[in-house]
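An overview of the molecular structure
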Amino acid sequence: MAATRLIAMHLNKGKTLAQCLRDRTDYAQNPEKTEKGNLVTAYACDPMTVDEEFLLAKRQYQHITGRQQKSNVIAYQIRQSFKPGEITPEEANKVGYELAMRFTKGKHAFIVATHVDRAHIHNHIIFNSTTIDCKRKFKDFHLSGLTVQRCSDIICVEHGLSIIEEKPYRERVKRTEYPKKETFRDTICADIDAVMKQKPKDFEEFLQLLAQNGYEVKRGKNTALRGKGQTRFIRFRSLGAGYTEEELRAVLLGEKVHRSKFKSTQVHGKPKFNLLVDIDEKMQAKGIGYQRWATVYNLKQMAQTMIFIREHGIESLDDLQQKTDAASARFDELSDRLKASEKRLVEIAALKTHIINYSKTRDTYVEYRKSGYSKKFFEAHRAEITLHKEAKNAFDQLGMKKLPKVKDLNAEYAQVLAEKKATYAEYRAARSEMQEYQKARHNVEVFFEMQRNQEEQERREQQAQDR
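Residues numbered from 1 in each chain as written. Predicted model: local features only at pLDDT ≥ 70, side-chain atom pairs only at ≥ 80, totals over all residues. Heavy atoms only, no water.

Observations concerning the overall build of the protein chain
How we decide: Helix and strand definitions follow DSSP, with helices as H or I runs of at least four residues and strands as E runs of at least two, each counted in order from the N terminus. To get the radius of gyration, use the C-alpha atoms; to get the globule rule, take the number of residues to the power 0.38 and multiply by 2.2 Å. Relative accessibility under 20% of the residue-type maximum defines a buried residue, over 50% an exposed one, and the middle range a partly exposed one, all with a 1.4 Å probe and only protein chains included. In what follows, a contact means two residues having at least one pair of non-hydrogen atoms within 4.5 Å. Using a 1.4 Å probe, the Shrake-Rupley method yields the accessible areas, and only the shown protein chains count as cover for residues. Under the counting rule used here, the positive set is Lys and Arg, the negative set is Asp and Glu, and His together with the chain ends is not counted. To locate a charge, the coordinates of NZ of Lys, CZ of Arg, CG of Asp or CD of Glu are taken.
Within the protein chain, the secondary structure is distributed over 13 helices and eight strands. For a compact globule of 467 residues, the expected C-alpha radius of gyration is about 23 Å, and the protein chain comes in at 29 Å, more than 25% above that figure. Principal-axis analysis of the C-alpha atoms places the extent of the protein chain at approximately 105 × 60 × 60 Å. Looking at the 467 residues of the protein chain, the share that counts as buried comes to 38%. Looking at the protein chain alone, contacts between residues at least 24 apart form 70% of all its contacts between residues at least 6 apart. Accessible area for the protein chain stands at about 29,900 Å²; split by element, carbon and sulfur atoms hold 50% of it. Of the charged side chains in the protein chain, 84 are positive and 65 negative; the average position of the first set lies 9 Å away from that of the second.

Considerations on the pattern of salt bridges
Stated formally: Each reported salt bridge corresponds to a side-chain nitrogen of Lys or Arg within 4 Å of a carboxyl oxygen of Asp or Glu.
Evaluated as defined, the whole model comprises 20 salt bridges. Residues Glu412 and Arg344 are paired through a salt bridge, measuring 2.8 Å at the closest nitrogen-oxygen approach. Of this pair, Glu412 sits in helix H13 (residues 406-466) while Arg344 is found in helix H10 (residues 317-370), placing the two residues 68 residues apart along the sequence. Among the ionic contacts, a cluster of salt bridges with common partners joins Glu98, Arg102, Glu158 and Lys421.

Some thoughts on the sheet that holds strand S7 (residues 224-226)
Spelled out, the test is: At least two DSSP bridges between two strands are needed for those strands to be called paired.
One open sheet holds the three strands; their spatial order is S6-S7-S8, and the pairing between them is antiparallel. The open sheet has two free edges, formed respectively by strand S6 (216-218) and strand S8 (234-235), since each of these has just one partner strand. The pairing of S7 with S8 spans two bridges and is antiparallel. Each residue of the ladder has a partner; that of Leu225, found in S8, is Ile234.

Topic: a nonpolar patch on the surface
Short version of the rule: A residue counts toward a patch only above 30% relative accessible area and without a salt bridge, and it is joined to like-charged neighbours within 9 Å or, for Val, Leu, Ile, Met, Phe, Trp and Tyr, to nonpolar neighbours within 5 Å.
Where nonpolar side chains cluster on the molecular surface, the patch consists of Leu317, Phe447 and Phe448 and spans about 260 Å² of accessible area. Among the structural elements, Phe448 can be located in helix H13.

With respect to the nonpolar core
Generally speaking, nonpolar side chains in soluble globular proteins are found buried as a group. The line we're drawing: Among buried residues, the Ala, Val, Leu, Ile, Met, Phe, Trp, Tyr and Cys ones that are joined through side-chain atoms within 4.5 Å form a nonpolar core.
Core analysis: the biggest nonpolar cluster contains 56 residues, and Ile78, Tyr97, Phe110 and Phe127 have the highest contact counts within it. Sort the elements by how many residues they give to this core and helix H3 (residues 89-104) lands first, with seven residues. Among residues more than four places away in sequence, those in contact with Ile78 are Arg5, Leu6, Leu99, Phe103, Asn123, His124, Ile125, Phe127 and Val148. In terms of nonpolar packing, the next biggest core, distinct from the first, is built from 19 residues, Phe206, Leu209, Leu210 and Leu239 among them.

Topic: the pairing of strand S3 (residues 73-82)
Within S3, eight of the 10 residues are buried, which leaves it mostly tucked inside the rest of the structure. Here nine bridges tie strand S1 (residues 2-10) to S3, and the two strands are oriented antiparallel to one another. Pairing of Thr4 across the sheet is with Gln80, part of S3. When S3 meets strand S5 (residues 122-128), the two strands line up antiparallel, connected through seven bridges. Directly across from Gln80, in S5, lies its bridge partner Asn123.

Some words on unusual backbone geometry
Positive phi, close to 60°, is recorded for Ala44, a residue that is not glycine. If you trace the backbone, Ala44 turns up in the loop between strand S2 (40-43) and helix H2 (50-65). According to the relative accessible area criterion, Ala44 is buried, its value standing at 11%. Here Lys199, not a glycine, exhibits a phi torsion of approximately 55°, which is positive.

Notes on H2
Just so we agree on the cut-off: Helix span, expected: 1.5 Å multiplied by one less than the number of residues in the helix.
Here H2 spans 22 Å end to end across 16 residues, near enough to the 22 Å set by a 1.5 Å rise per residue. Those residues of H2 that sit buried are Val50, Asp51, Glu53, Phe54, Leu55, Leu56, Ala57, Lys58, Gln60 and Tyr61. The inward-facing, buried residues of H2 contact helix H1 (17-28), S3, strand S4 (110-115), S5, H10 and helix H12 (382-398). Of the residues flanking the end of H2, it is Gly66, one or two places downstream, whose phi is positive at about 75°.

Things to note about the packing of aromatic side chains
Selection criterion: Between the rings of Phe, Tyr and Trp (Trp by its six-membered ring), a pair exists once the centres lie within 6.5 Å; its type follows the angle of the planes, with under 30 degrees stacked, over 60 edge-to-face, and the other angles tilted. In this analysis the charged atom, NZ for Lys or CZ for Arg, is taken to sit over a ring once it is within 6 Å of the ring centre and within 35 degrees of the ring normal.
A complete count under the given rule lists 19 aromatic pairs for this structure. Between Tyr76 and Phe127, the aromatic rings sit 5.6 Å apart at their centres with planes inclined by 15°, giving stacked as the arrangement. Here Phe127 lies in strand S5 and Tyr76 lies in strand S3, a separation of 51 residues in the sequence. One exposure class covers both Tyr76 and Phe127, and it is buried. In this structure an aromatic cluster arises from ring pairing among Tyr76, Phe103, Phe127, Phe138 and Phe141. Over the ring of Tyr413 we find Lys352, and its NZ or CZ is 5.7 Å from the ring centre.

A word on the confidence of the model for the protein chain
Selection rule: Note on scores: pLDDT gives the predictor's confidence for each residue, bounded by 0 and 100.
Residue-level pLDDT values for the protein chain average 86, and 93% of them are 70 or greater. Within the protein chain, the element-level pLDDT minimum falls on helix H8 (residues 279-282), averaging 52, and the maximum on S5, averaging 97. Confidence drops under pLDDT 50 across residues 265-271; counting only partners more than four residues distant or on other chains, this segment forms one contact.

Quick notes on the environment of Lys180
Summarising the element assignment, Lys180 is placed in the loop between helix H4 (144-158) and helix H5 (184-196). On the basis of relative accessible area, Lys180 is assigned to the exposed category, the value being 75%. Along the chain, Lys180 and Arg150 lie 30 residues apart, while their C-alpha atoms are 31 Å from each other.

Brief notes about the environment of Ile78
Positionally, Ile78 belongs in strand S3. Taking the relative accessible area as the measure of exposure, Ile78 reaches 0% and is therefore buried. Between the C-alpha atoms of Ile78 and Leu334, which are 256 residues apart in sequence, the distance is 31 Å.

See below:
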């Protein structure tokens, strides 16, 4: 499920066009929000120099057409927000890239930056108001926002995501309750719960695990933590009951039981079957009621596992292991194929960008060379010369003596993208199949282990009675 919005980005008062473009693109590519830039992709431009390339295209537009821009719109932004827990950051970036490509029809350069700093993953798609050939401008037509939303819905359906269903006005319910905003302390407590599940040996190992999760530990009279996005350290004693340093030390020594202050509200889709519950391990902190529930739960899951085994014609443990290995191998093969397709798409996009930049700035570089590499000329045309040098260096690294045609690259890009989409559908099915086989193998192994433990316990009880 994705909500979208099309926003015209205007020239700010008191700032130049270059400053405005740099501010907008820098915010979108914020390393703290895009996993150090790993969630930023681009089309017909380089994310590092996108503001200069947008500015260069606008200058070329004035030079080619002789027209001056009347409005103060410098670029357009599409915000695409996804339902929490429904999509990964990598897939969200791919969906945003497809949306930008379809909406602009490949005629405008754009960047896609996926932000993960909020509870909901969202994309910032910024595309230049000037076309790549520098001959036209994007026209914000009537109901363009609705067009973006429908295009986004189509792509979400293709990726197996849900979409927003419109309700009649009489069936709509006004929202009166809003989710509680998560604070830094809530985040720290949740991470402490996750670390405590790993059962560290002592408080020192506990702090090391928190440090591995990105926390900075400040030692002293009152131990404190500082996580991602925090400006100040937060002491353990200010986290509330159950999370003070003394209470956590007592839990690690076995004197207390750690209880999370959060109640699980996450809703999962109903799988075909789940993993069996280890009753003996859980009974250490549970009562007889939990044992009764876990026994019934395990019987139900094992029954569903047996149905799965019969439906797939599995007759032995070796047969189950072979089919599990085959499903895993199939998943790995499709995963490698997807990665290869994505790598090639990135290479084609980068090569197209360099070819276009090289073509646009060739005349300027020739004049620069004729001027005897004048510093004055370089300062006046820094952006064009820099792009030309980057393109030439890229061609030299690839060892290209003859540049391919952009038309051929577009055809190859479309072909690889179509193959990737077809592979992705197989990938999702293979992943689901692999997970089902792994669950079945795990349940069978746990079942036999529990049966052996029960037989051993009965044998010991019989020996005790005989004595």
